[in-house]
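Commentary on secondary and tertiary structure
So the chains spell out like this:
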Amino acid sequence: MELPTGNEQFFRMSVDSFDTDKVLANAARQRDRRNLQDVLIVDVDSHHYESESMAEIMEYMEDPVLQQLARSGGQVAQRGGGMFALGRVGYQDIGGRVTRYPLRRMEQTPADGVHRDIHLGHRWMDAMGVDYTCMFPTPMLGLAMHPQPEVENHLARAYNRWLVERVLPGSSRIKSMLYLPFNDHNAAMKMVEDFADYPGVIGFMVTSVRHKPVHDNDYMKIYRAVEERGLPLGFHSGFNWDDPMFRTSNRFIAVHALGFTWYNVVHCTNWVVNGLPERFPDLKTIWIESGIAWVPWLMMRLDNEYRMRSSECPSLKRLPSEYMKEMYYTSQPMERPNEDWLLEATFKAMDAENSMLFATDYPHWDMDLPGVIWDLPFLDEKAKRKILGENAQKVFKLDVSERFPERIAAE
């Protein structure tokens, strides 16, 4: 296969195969040098490319018209197109230097009845020392901006059915927080009712790249339903260069740096100032793939505003930062300042020992390995173990006895 790295002689590369074990050889060496085999590691944000299985997913489309539109004209091809063209302008592969983007489809897996995504998932998990992972889609993260809400609804439903029937049953180590089509609150509610009890479903996920206010009264029934079932609700961020604000940026680095943070900042702000933590005190909320630098900044901003204008937040009984400390935040991509004291202050401000959940974001270009937490000089081993896995075990009530027989499911 000729890699899309350019036409010049010195940039042209071709390959005949792809092997996750070889690609992650350095990750495996890090795992062994740190003796992480006895450390529970739960990755709360990893991805697969559901577009590679779109022909299978289309079998679960309940609307025959949308199903026909999707199947016609080659629209289930690997690169997508037509009705399901969910691509967003960006340069994630850094000019072709991240080769696993074009090569992942070449990797061979056994024809043993186990889904390809399971085989590939176990390979990278074993290389890094990850015991359990929460797997999310990738192209569908931009689905909320589709101009037809019914497309988000039906594609999300087909994907969720495919996931719980064809993929998750193949591994007790791979879980998922299922996609909620938030542009249709009734469809999202039905998703909770229909799928909450499936094995491997450990919560529900809202894509943050959307312009729907999370405090809209239509959503209250969804929050209550998720809370009553004892499941967490995650908000997975992303980027959207087509957003009018981000159109002012002429470099992808700016869109990526700000976008993944900005959408969760807005939704988290609205969540807090509208008193949803008071209204749903037992609903665990998780803010995913925004890094952590924004958390103390938003705490300070909201506390400062609240002290001057508390009358606008009559539902709140405490400072906004106190509610935020009770939420959960995935670690990736963890910002690394030049001085460790700044990162340490960030950890203290957000009570990271109790609120942070480790995430790799594999296979994306800005992924993190468990070493980013294990190597922090200001954390003791107890805190490292909590962030790498024990916090997630508690949040998701995971039974990890298969990997750690001496442990029981967290209450």
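What comes next is a walk through the structure. (Residues numbered from 1 in each chain as written. Predicted model: local features only at pLDDT ≥ 70, side-chain atom pairs only at ≥ 80, totals over all residues. Heavy atoms only, no water.)

Moving on, we get to the overall build of the protein chain. The helix and strand tally for the protein chain stands at 17 helices and eight strands. The buried share of the protein chain, taken over its 411 residues, is 56%. For the protein chain, the share of sequence-separated contacts (at least 6 apart) that also reach a separation of at least 24 residues comes to 75%. A total of about 18,600 Å² of accessible surface is found on the protein chain, and carbon and sulfur atoms cover 50% of it. Each charge class in the protein chain can be summarised by its mean position, and for the 46 positive and 59 negative side chains these summaries are 1 Å apart. (Helix = DSSP H or I, 4+ residues; strand = E, 2+ residues; numbered from the N terminus. Buried < 20%, exposed > 50% of the residue type's maximum accessible area, 1.4 Å probe, protein only. Contact = heavy atoms within 4.5 Å. Areas by Shrake-Rupley, 256 points an atom, 1.4 Å probe, with all protein chains shown as cover. Lys, Arg positive; Asp, Glu negative; His and termini not counted. Charge placed at Lys NZ, Arg CZ, Asp CG, Glu CD.)

Now for the sheet that holds strand β7 (residues 328-330). The strands making up a sheet associate through backbone hydrogen bonding, with each pair oriented either parallel or antiparallel. Strands sit in the order β1-β2-β3-β4-β5-β6-β7-β8 across an open sheet of eight strands; the sheet is parallel. In this open sheet, the two strands that pair with only one neighbour each are β1 (42-47) and β8 (356-357). Note: strand β5 (residues 233-236) against strand β6 (residues 285-288), four bridges, orientation parallel. What sits directly across from Phe235, in β6, is Trp287. (Pairing = 2+ DSSP bridges.)

We now examine the pattern of salt bridges. In the structure shown here, the tally under the stated rule is 25 salt bridges. Residue Arg105 pairs with Glu52 through a salt bridge whose shortest N-O separation is 4.0 Å. In this pair, Arg105 is assigned in the loop between α5 (100-103) and α6 (116-128) and Glu52 in the loop between β1 and α3 (54-58), connecting sequence segments 53 residues apart. Residue class for Glu52 comes out partly exposed when judged on its relative accessible area of 22%. (Salt bridge = Lys/Arg side-chain N within 4 Å of Asp/Glu carboxyl O.)

Take empty space enclosed by the protein next. What the rule picks out here adds up to three cavities of 30 Å³ or more. Looking at the largest cavity, its volume works out to about 290 Å³. As for the largest cavity, its lining consists of 21 residues, and the residues nearest its centre are His47, Leu120, Trp124, Tyr362 and Pro363. If you list the elements that add at least two residues to the lining of the largest cavity, you get β1, α5, α6 and β2 (132-136). Examining the composition of the lining of the largest cavity, we find that five residues originate from one element, α6, more than from any other. Residue classes in the lining of the largest cavity are distributed as ten nonpolar, six polar and five charged. (1 Å grid on protein atoms, 1.4 Å probe; cavity = no way out; pocket = protein on both sides within 12 Å on 5 of 7 lines; lining within 4 Å. Points joined across faces, edges and corners; volume = space filled by probe spheres on them. Nonpolar A, V, L, I, M, F, W, Y, C, P; charged D, E, K, R; others polar.)

Applying the stated criterion to the full structure yields 18 aromatic pairs. Judged by centre distance (4.8 Å) and plane angle (65°), the rings of Tyr223 and Trp271 are edge-to-face. Here the residue Tyr223 occupies a position in helix α9 (residues 220-228), and Trp271 occupies one in helix α10 (residues 252-273), the gap between them amounting to 48 residues. Overall, the relative accessible area of 2% leaves Trp271 in the buried class. For the cation-ring pair, Arg318 lies above Tyr323, with the distance from its terminal atom to the ring centre recorded as 4.4 Å. The ring of Trp374 has Lys384 lying over it, and the distance from NZ or CZ to the ring centre is 5.5 Å. (Phe/Tyr/Trp six-rings, centres within 6.5 Å; stacked < 30°, edge-to-face > 60°. Lys NZ or Arg CZ within 6 Å of the ring centre and 35° of its normal.)

Core analysis: the largest hydrophobic core is formed by 115 residues, its most contacted members being Leu180, Tyr223, Trp271, Met324 and Phe347. By residue number, the principal contributor to this core is helix α7 (residues 149-167), which donates nine residues. The next biggest cluster of nonpolar side chains, apart from the first, holds eight residues, and it includes Val209, Phe239, Trp241 and Tyr263. (Core = buried A, V, L, I, M, F, W, Y, C linked by side-chain atoms within 4.5 Å.)

Our next topic: helix α14 (residues 340-349). At 3.6 residues per turn, the α-helix brings residues three or four places apart onto the same side. Buried residues of α14: Leu343, Thr346 and Phe347, and no others. Buried positions in α14, seen along its axis, are confined to an arc of 100° and lie on one side of it. Away from the buried face of α14 by more than 90 degrees, exposed residues Trp341 and Lys348 are located. On its buried face, α14 is in contact with α12 (294-309), α15 (352-355), β8 and α17 (381-396). (Arc of directions from axis to C-beta.)

Between helix α2 (residues 25-33) and α6, whose axes approach to 7 Å, the crossing angle comes to 45°. As judged from the angle between their axes, α2 and α6 are oblique. Here α2 contributes Ala27, Ala28 and Arg31 to the contact with α6, which in turn contributes Asp126, Ala127 and Met128. Grouping the amino acids of the contact of α2 with α6 by side-chain chemistry returns four nonpolar, no polar and two charged. (Axes fitted to C-alpha atoms, helices over the stretch in contact; angles between N-to-C directions. Parallel < 35°, antiparallel > 145°, perpendicular 65-115°, else oblique.)

Packed helix pairs are specified by the crossing angle of their axes together with the interaxial distance, meaning the distance between the axes. Packing of helix α8 (residues 185-195) against α9 brings their axes to within 9 Å, and their N-to-C directions diverge by 10°. Classified by the angle their axes make, α8 and α9 are roughly parallel. Residues His185, Asn186, Ala188, Met189 and Val192 of α8 form the contact with α9, whose own contacting residues are Lys221, Ile222, Ala225 and Val226. Its residues assigned to classes, the contact of α8 with α9 comprises six nonpolar, two polar and one charged.

Moving on: the side chain of Ser237. Tracing the chain through its elements places Ser237 in the loop between β5 and α10. Residue class for Ser237 comes out buried when judged on its relative accessible area of 1%. Polar side-chain contacts of Ser237 include one of 2.7 Å to the backbone oxygen of Phe260. Every residue in contact with Ser237, bar those within four places of it in the chain, is listed here: Ser208, Val209, Gly259, Phe260, Thr261, Tyr263, Asn264, Ile288, Glu289 and Ser290. (Polar contact = N/O pair within 3.5 Å; in protein donor to acceptor, adjacent residues only side chain to side chain.)

Looking now at the pairing of strand β3 (residues 174-179). The buried fraction of β3 amounts to six of the six residues, a majority that puts the element mostly inside the structure. Pairing analysis gives two bridges linking β2 to β3, with the strands arranged parallel. Counterpart to Thr133 in the pairing with β3 is Ile174. The sheet contact formed by β3 and strand β4 (residues 201-207) spans four bridges and is parallel. Bridge pairing in β4 places Met177 opposite Gly203. For the crossover from β3 across α8 to β4, the handedness is right-handed. (Right-handed = clockwise from strand over helix to strand, strands pointing away.)

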